[in-house]
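Structural characterization, general
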Amino acid sequence: MPDLGQARRGVLGGVDPSSGTGMLAVLPPLSRLIFRGRISTIGRVAAAFGVEPAMEPCRASVSGERAALWLGPDEWLLLARESEAPDLIEKLTVALAPLSFSLVDVSHRQVGLKVSGEHAALLLSAGCPLDLDRQAFPIGMCTRTLLQKTEIVLWRIAETAFHLEVARSFAPYAWGFLEQAERDL
Amino acid sequence: MLLIDCPFCGKRPELEFRYGGEAHIARPDDPSEFGDKAWGQFLYGRSNQRGMHAERWRHVHGCGRFFNALRDTTNDRFAATYKIGEERPALPEAQGAVEA
Ligand SMILES: [Zn+2]
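Small disclaimer: the values here were computed from a predicted structure and weren't measured.

Attention shifts here to helix α2 (residues 85-96) of chain A. Residues and elements named next belong to chain A. For α2, built from 12 residues, the straight-helix expectation of 16 Å at 1.5 Å per residue is met to within 8% by its first-to-last C-alpha distance of 16 Å. Looking only at α2, the buried set comprises A85, L88, L92 and L96. Seen end-on, α2 carries its buried residues on one side only, within an arc spanning 60°. The exposed residues of α2 that point more than 90 degrees off its buried face are P86, D87, E90 and V94.

Below, the discussion takes up the packing of aromatic side chains. Enumeration according to the criterion identifies 7 aromatic pairs over all chains in this entry. On the numbers, 6.3 Å between centres and 25° between planes, the contact of F35 of chain A with F101 of chain A is stacked. Here F35 of chain A is found in strand β2 (residues 30-37), whereas its partner F101 of chain A is found in strand β6 (residues 101-105), with 66 residues between them in sequence. Taking the relative accessible area as the measure of exposure, F101 of chain A reaches 27% and is therefore partly exposed. Considering the side-chain rings of W39 of chain B and F42 of chain B, the 5.0 Å spacing of their centres and the 40° angle between planes classify their relative orientation as tilted. On the criterion of helical spacing, the pair formed by W39 of chain B and F42 of chain B is a turn pair, its members being 3 residues apart in helix α1 (residues 36-44). Overall, W39 of chain B belongs to the partly exposed group, its relative accessible area being 24%.

A few words on unusual backbone geometry. Residue and element names in this part refer to chain B. With a phi close to 60°, H24 is a non-glycine residue in the positive phi region. Here H24 is to be found in the loop between β3 (18-22) and α1. One non-glycine residue, D76, adopts positive backbone phi at about 65°. Here D76 lies in the loop between β5 (66-72) and β6 (77-83).

The rules behind the values
Residues numbered from 1 in each chain as written. Chains lettered and ligands numbered in written order. Predicted model: local features only at pLDDT ≥ 70, side-chain atom pairs only at ≥ 80, totals over all residues. Heavy atoms only, no water. Helix = DSSP H or I, 4+ residues; strand = E, 2+ residues; numbered from the N terminus. Expected span 1.5 Å × (residues − 1). Buried < 20%, exposed > 50% of the residue type's maximum accessible area, 1.4 Å probe, protein only. Arc of directions from axis to C-beta. Phe/Tyr/Trp six-rings, centres within 6.5 Å; stacked < 30°, edge-to-face > 60°.

Below is the structure:
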């Protein structure tokens, strides 16, 4: 058996994550679950996960190190510490047992990037078509959208900081694009 | 940039959406009883409307949902968007009418 732990490589390939001037960072690994279910399932998710999934469109709810991001009217991205995924899947599966739902571990499908600094919104606007003014895109807002040619999940975690989720195969592209945009600011 | 009013997410840039063809075309309950001509009409017959057109859109790079929209094909203006399953909204005459 190959030792898969040994084979773990960074998602950015040859890119040096410290090459930016400080606005960009790669976030540490996380547990990521895509939960889909009807409104009647939300109470059970809240009890098992410890965070009540937001019912308001495009909003994230946070409790401690866990977060539930609204992605669609029956779809949420659940974030937790890296080691927690197997445990969470079991807990949620038990709690939701009699109901119809879908729960998929996508921890390794995507990677988290952080864009922060006074001009974070301006930097993202180089490739994101949304209005990122804080009136239009307040703290706690999250949504799937586009960054130039790649789909991302964009989440404003502070006035001047955004959490991005990007598919790991597109991470070098997103990183390279943001780095270029940062140089052009 | 053209903004489209997703019934779930609100006004969002056109880039996030995909067109999904004419709306309100129901699949026959029993295709085997339907006859070739009628089946062909179901598959390929479309109103090809000049003016206000009911059509499906999908917010593919957003909430992922399909919804319906009324769009004027002569000027690309969206008059209304509504959820799948809802009735086609009635429009005021002035908005809905387009000179032939
Ligand atoms: Zn939407």
